[in-house]
Amino acid sequence: QVQLVESGGGLVQAGGSLRLSCAASGRTATAWFRQAPGKEREFVTAISWSGGSKYYADSVKGRFTMSRDNAKNTVYLQMNSLKPEDTAVYYCAVPNHSDYVGSSSSRYDYWGQGTQVTVSS
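Keep in mind the model is a prediction, meaning the values are calculated, not measured.

Analysis parameters
- Residues numbered from 1 in each chain as written.
- Predicted model: local features only at pLDDT ≥ 70, side-chain atom pairs only at ≥ 80, totals over all residues.
- Heavy atoms only, no water.
- Helix = DSSP H or I, 4+ residues; strand = E, 2+ residues; numbered from the N terminus.
- Buried < 20%, exposed > 50% of the residue type's maximum accessible area, 1.4 Å probe, protein only.
- Pairing = 2+ DSSP bridges.

Colleague: Quick question: what am I supposed to make of the environment of Met66 here?
Modeller: Inspection of the secondary structure assignment puts Met66 in strand S7 (residues 64–69). Judged by its relative accessible area of 0%, Met66 falls in the buried class. Placed 54 residues apart in sequence, Met66 and Ser120 show a C-alpha to C-alpha distance of 23 Å.

Structure follows, in C-alpha cells:
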C-alpha cells in the first residue's frame, strides 16, 4: 500500500516561492496535480523514479521544478514566480504503472490528502 503525505503549502504573495514535499515510498514515478475551487483537477508535473524523466504542464514550465531524493523517499515541487492562478489544493500522486510519467489522472491510483497553496495578488 502506497502512502503519500504532502506538506509545505501556505499563503504567499504573487511573485513569491514555495516548496512542497511529498513523502512517497516505493520505486515508482510520482506526479503533482492541483485543483482550484470550481475547477477540475489538473496535471502539474511528473518525475520518474530515477529522476531522469520529467514532464511539466505548459502553465508551469520555467517556474516550477520537480525533484526527488530517493534516500529520503521524498519528492519536491519548487514553485517560483507564483501567480494568483496557481492557487489550488496540490496533490501528490503515484501511478498504477510505476514507469508512467504523464498527465492522465486516470493512470494514478494513489493520492495524498492535498496541501493548500494560496497566492495573493
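The discussion continues.
Colleague: Hey, could you run me through unusual backbone geometry in this one?
Modeller: Most of the time, phi is negative for any residue but glycine, and the peptide bond is trans. Non-glycine residue Asn73 carries a positive phi angle of around 50 degrees. Within the fold, Asn73 resides in the loop between S7 and strand S8 (74–79). You can call Asn73 partly exposed: its relative accessible area is 39%.

Colleague: When you look at the pairing of S8 in this model, what are you seeing that I'm missing?
Modeller: The two faces of the sheet receive side chains in turn, since in a regular strand these alternate between them. By the criterion of burial, S8 is predominantly enclosed, with 5 of the 6 residues buried. In this structure, strand S3 (residues 18–24) lies alongside S8, joined through 6 bridges in antiparallel fashion. Pairing of Leu18 across the sheet is with Met79, part of S8. Here 6 bridges tie S7 to S8, and the two strands are oriented antiparallel to one another. Bridge pairing links Ser67 to Tyr76 in S8.

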